[in-house]
Every structure is written in C-alpha cells, then in structure tokens.
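Here is how the chains run, residue by residue.
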Amino acid sequence: MQEAIRNRDFTFRLPVRGMFPGERAMQKTLNQLGEIIRQQVSQNEVESWERLTRVLTHEMMNATAPITSISQSLLSRPDVKGSALEDGILAIYETSRHLSDFVTSYRKMSELEEPVLNEVILRSMIDDVSRKYPQLSWKIDILSVVKVYADAGMLRQVLMNLAKNAVEAGAKNMVVEMADKEFDGLQYDIQKQIGLYIGNDGVPIPAENRQSLFVPFFTTKRTGSGIGLSLSRRMMIQQGGSLELSERPRNGCHVAFLLTIGIYNRK
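Residues numbered from 1 in each chain as written. Predicted model: local features only at pLDDT ≥ 70, side-chain atom pairs only at ≥ 80, totals over all residues. Heavy atoms only, no water.

> Just to check I follow, could you spell out the packing of aromatic side chains for this structure?
Enumeration over the complete set of coordinates arrives at 2 aromatic pairs. Geometrically, the ring pair formed by Phe 214 and Phe 257 is edge-to-face, given 6.4 Å between the ring centres and 80° between the ring planes. Here Phe 257 lies in strand β7 (residues 255–263) and Phe 214 lies in the loop between α6 (207–210) and α7 (228–238), a separation of 43 residues in the sequence. Classification of Phe 257 as buried rests on a relative accessible area of 6%. Over the face of the ring belonging to Phe 214 we find Arg 233, whose NZ or CZ atom lies 3.9 Å from the ring centre. Positioned above the aromatic ring of Tyr 197 is the side chain of Arg 250, whose terminal nitrogen or guanidinium carbon lies 4.6 Å from the ring centre. (Phe/Tyr/Trp six-rings, centres within 6.5 Å; stacked < 30°, edge-to-face > 60°. Helix = DSSP H or I, 4+ residues; strand = E, 2+ residues; numbered from the N terminus. Buried < 20%, exposed > 50% of the residue type's maximum accessible area, 1.4 Å probe, protein only. Lys NZ or Arg CZ within 6 Å of the ring centre and 35° of its normal.)

Below is the structure:
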C-alpha cells in the first residue's frame, strides 16, 4: 500500500478475507479512502491539463495567425509568383496553417460544453456504435432495460473512441459487459452507478505507457493526436462518471477499460 501511494497509484485493494470484523471494517474503509483519493486525483489532473491546454492554445494561435496571414498575402503578389521565393513562402504558409489546425483540435480539451443529462438506453447506444465498426466482432452482454443518466452525445463519443482505438490496435473482437462492483480494485457505488467492462484483443499497452495513457498529447501512434482518451475521461468525469484502464483484462482481452456512469431514476 505504501509503495502504491508513493507511486500515485490509488487502484490498490487490500484483502479483507480471514479477518476479524473490526479489522475487516478498517480494511474496507482504507479501500474506500483509496477510491475517493483516486477519483479526486483524476479530477485534479483533468482540470490541470485543461488550464494548461487553454494557455498553450491561446499563445500558439497568437503566434501562428499573423504568420499564416502574411505568408498568404505574399503568395498572392505578382513579384512572388514563379520566383525563387515562392516555394519557401508556400512552405511557411502550409506549416503555419497545419499548426493552426493542430492547435484548434486541442481546443476541444478546454471548450467542452456542459453535459445535458437525460435517460439513455445503454444497449441501444452500444448496438448503434457497434454498427459503425463492423470490422470488430462484438460480444455485448447488456440487458435492453438498463438505463443510464448521461449526455448521449458525450457517452456515444467515448464509446466510439474506445472502439476506434481497438481497431487501430489491430483488435478483432470487442467485449462490452457489466462489470463487477469491485472488479480489478476499481469500485463504484452500485446504488447510484453501473460499471461497464469494455475490452478488446488488440495489441497490449506496454507497462511503461500505462501511467501516461490519459495524459493529453501523449501517443505512441505515428499519426495519433493524443487527445482521444484524455478527452474521453474528461467527458465521463463531467457526467459524474469515470474512465479507467484495467490492470488485469479478462475474457480473452488484452486491453480493457472500466467505465462508470450514473443510473437513471436513482431514487
């Protein structure tokens, strides 16, 4: 436990079997405290990255906008067209425009609208997402009566991001099912939330990359933006849920996530 806390890993679980009632109660309390700390750390990390992204995108847009405008203006001049300067100015213009587009995509991290929470029939949404990724063989074990309290657009985007990542990791199979209350040391309040286990058989995530998986801009893909998972986690937190990486995937999966979301009509 001390080693886990030192490494900022709050997914630890302390055993409670074979203990006296008082000891068991103390261990359960420590486990619950670890879960509360983990949730708070995730929230603080999201807010910190959001502030940093807002500052960086503002400064970079201020720097690139005049370069793009001036180089575009120069390219339209008669004395530049066909001259030795044209290729160099064109390279400056295209590079600055590409950088502007790149920065604009990261503004999503700090410009998410407030979620609009409503009743969402979970199975229908997952079925809809699965039809958009027919290259995956889907195993969906969710009852059609399960309803969650969520922003439908945000939740759909999170599910699509996870499916897209699976495809890019070479997965052939996708598993979506209800998660155990205490699966993999990640707990949730079964009276207020449900947990979804979302796994695939794609290339496993290397151990050295697992801690950075939800860090904005971090990616191991040659053409990746590094925004998908960090944005997905933020969208889930905004809805009162969470998105975590499973340490021990099951059911033939090599990579798995645990997604929690509120239950509709929780009274």
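Text resumes after the structure shown.
> Looking at this structure, I do not really get the environment of His 98. What am I missing?
Examined against the element boundaries, His 98 turns out to sit in helix α3 (residues 86–106). The spacing of His 98 and Thr 64 is 34 residues in sequence and 9.7 Å in space, taken between C-alpha atoms.

> What should I look at first to understand a nonpolar patch on the surface in this one?
On the surface, Leu 56, Met 60 and Leu 99 cluster together into a nonpolar patch covering about 200 Å² of accessible area. Relative to the helices and strands, Leu 56 is located in helix α2 (residues 21–75). Relative accessible area serves as the criterion here: at 37%, Leu 56 is assigned to the partly exposed category. (Patch = residues over 30% accessible without salt bridge, like charges linked within 9 Å, V, L, I, M, F, W, Y side chains within 5 Å. Areas by Shrake-Rupley, 256 points an atom, 1.4 Å probe, with all protein chains shown as cover. Salt bridge = Lys/Arg side-chain N within 4 Å of Asp/Glu carboxyl O.)

Any functional reading would require information beyond the geometric quantities listed.
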